[in-house]
Amino acid sequence: MIRAIRPPVITKNWLDPARKKLITAAIIAVLAAPALYLIGLWALFAEWLGMGWRFLADSTLVPNWLLALLTICAIIVAGILGTALRPTRESTDPEKNEPPD
């Protein structure tokens, strides 16, 4: 039987679900960058990034630091409200914490 030789670092990290997803996303990103360049979408992608950067860097009537602070506060409040409004789970057996059928 032929087995692939895997370094211990990859074998150890591949078992962790979060790292597995991170490694998979990195592989997809590395493969997608040349594909975007070959298809000709790299210039369009760079243009979108430039438009976003110019939008963030433009001057406004309200200071940008205040907008950033209010955005962070809004995200925190949305998270608190989202967790507070979540319905509680009911279990069939409170001692075992089994979900209902």
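Everything quoted here is computed from the prediction, not taken from an experiment.

Conventions adopted
- The written sequence of each chain sets the order in which its residues are numbered from 1.
- Note on the predicted model: pLDDT of at least 70 is required for a residue's local features to be given, and 80 or more for side-chain atom pairs to be given and counted; whole-chain, interface and lining totals, by contrast, use all residues.
- Only heavy atoms go into the side-chain values, all of them from the structure, while hydrogens and water stay out.
- Note on conventions: DSSP H or I runs of at least 4 residues are helices, E runs of at least 2 residues are strands, and numbering of each starts at the N terminus.
- Partly exposed describes any residue whose relative accessible area lies between the buried limit of under 20% and the exposed limit of over 50%, with all areas from a 1.4 Å probe on protein chains only and scaled to the type maximum.
- Per-residue and other accessible areas follow the Shrake-Rupley method at a 1.4 Å probe size, with only the shown protein chains counted as cover for residues.
- A helix's residues, less one, multiplied by 1.5 Å, set its expected span.
- What makes a patch is a set of residues exposed beyond 30% relative accessible area and free of salt bridges, joined within 9 Å when like-charged and within 5 Å when nonpolar (Val, Leu, Ile, Met, Phe, Trp, Tyr).
- Salt bridge criterion: a side-chain nitrogen from Lys or Arg within 4 Å of a carboxyl oxygen from Asp or Glu.

A look at the overall build of the protein chain
What the protein chain contains, in helices and strands, is four helices and zero strands. Reading the protein chain from its N terminus to its C terminus gives the helix and strand order α-α-α-α. Split into buried and exposed, the 101 residues of the protein chain put 1% on the buried side. Approximately 9800 Å² of the protein chain is accessible, and the part contributed by carbon and sulfur atoms is 70%.

Here's the deal with helix α2 (residues 17-39)
Taking 1.5 Å per residue as the helical rise, α2 with its 23 residues ought to reach 33 Å, and the 32 Å between its terminal C-alpha atoms agrees with that figure. Directly after α2, the chain includes Gly-40, whose backbone phi takes a positive value near 100°.

Some words on a nonpolar patch on the surface
Side chains of Tyr-37, Leu-38, Ile-39, Leu-41, Trp-42, Leu-44, Phe-45, Trp-48, Leu-49 and Met-51 sit close together on the surface and give an oily, nonpolar patch of about 1100 Å² of accessible area. With six residues, the single largest contributor to the nonpolar patch is helix α3 (residues 42-57). With respect to the helices and strands, the residue Met-51 is situated in helix α3.

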